[in-house]
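# Breakdown of the fold
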Amino acid sequence: MSSAYHHLFVCNSQKDEIGKDVARALKTEIKKQGLKALLTGGAKRKTRVQTCNCLDVCKHCKKGPGAALIVYPEGTLYGDVKPKDAAEIVQEHLLAGRVVKRLLLD
Ligand code: FES
């Protein structure tokens, strides 16, 4: 079962501002997939997405063209996330409560 609230922070310390694009894509997907209207255990879900400064996993930011992001309350760190990955993160992690293994940082 997935958590009733999620807070996502997307690293924005990137040269090409990919973090902003990823955050925007996540917000769009959250709306599209109807997360705002869903209930978990009788309570409305809360999901917040925001950009932030360096998450201290820079080598992953540098490795690929995508951004690093962290999902709370789980504290799951994803790396090299691109806007096209937003749909999968919303559907798998936020809705189904399953980590997206291919984006996971070790
Ligand atoms: S620059 Fe993205 S985690 Fe440090």
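Residue positions within a chain follow its written sequence, with the count starting from 1. The predicted origin of the model limits local features to residues at a pLDDT of at least 70 and limits the giving and counting of side-chain atom pairs to 80 or more, whereas totals for whole chains, interfaces and linings rest on all residues.

Going by the annotation in an unreviewed UniProt entry, the name recorded for the protein chain is (2Fe-2S) ferredoxin domain-containing protein, with Hymenobacter elongatus given as the source organism.

Okay, the packing of helix α1 (residues 18-32) against helix α3 (residues 86-96) next. Between α1 and α3, the shortest axis-to-axis distance is 8 Å and the interhelical angle comes to 50 degrees. Comparing the axis directions of α1 and α3 gives the class oblique. Our pair here, α1 against α3, has a crossing hand that is right-handed. Contacts between α1 and α3 involve Val22, Ala25, Leu26, Glu29 and Ile30 from the former and Ala86, Ala87, Ile89 and Val90 from the latter. Between N-to-C directions, angles span 0 to 180 degrees; the directions come from axes that are lines fitted to C-alpha atoms, helices contributing only their stretch in contact. Segments assigned H or I by DSSP are reported as helices when at least four residues long, segments assigned E as strands when at least two residues long, and all are numbered from the N terminus. Any angle between 65 and 115 degrees counts as roughly perpendicular, while under 35 counts as roughly parallel, over 145 as roughly antiparallel, and the rest as oblique. Crossings are sorted by hand: turned counterclockwise from the far helix by less than a right angle, the near helix makes the crossing left-handed, and turned clockwise it makes it right-handed. The contact rule is simple: place each C-beta atom from the backbone, and if two of them lie within 7 Å, those residues are in contact.

For the rest of this paragraph, the subject is the sheet that holds strand β1 (residues 5-11). What holds strands together in a sheet is hydrogen bonding between their backbones, with the strands either parallel or antiparallel. Strands pair, by our definition, only if DSSP identifies at least two bridges between them. Strands sit in the order β4-β1-β5-β6 across an open sheet of four strands; the sheet is mixed. Every interior strand has two partners, whereas the edge strands, β4 (46-52) and β6 (76-81), have only one. Across the sheet, the mean angle separating the axes of adjacent strands is 20 degrees when strand polarity is ignored. Packed onto the sheet, α1 meets β1, β4, β5 (67-72) and β6 and runs at close to 170 degrees relative to β4.

Here we come to the pairing of β5. Here β1 pairs with β5 via four bridges, running antiparallel. Directly across from Val10, in β5, lies its bridge partner Leu69. Here four bridges tie β5 to β6, and the two strands are oriented antiparallel to one another. The partner of Ile70 across the bridge, within β6, is Leu77. With antiparallel pairing between neighbouring strands as the criterion, β5 and β6 make up a hairpin whose turn holds three residues, including Gly75 at a positive phi of roughly 75 degrees.

Let's shift gears to unusual backbone geometry. That bond from Tyr72 to Pro73 is cis: its omega, 15 degrees, falls within 30 degrees of zero. By the secondary structure assignment, Pro73 is in the loop between β5 and β6. With a phi close to 50 degrees, Asp80 is a non-glycine residue in the positive phi region. Position of Asp80 among the secondary structure elements: in strand β6. In this scheme every C-beta is placed from the backbone, and a residue whose C-beta has 20 or more other C-beta atoms within 10 Å is buried, one with 12 or fewer is exposed, and one in between is partly exposed. Accessibility expressed as a C-beta count within 10 Å gives 18 for Asp80, which makes it partly exposed.

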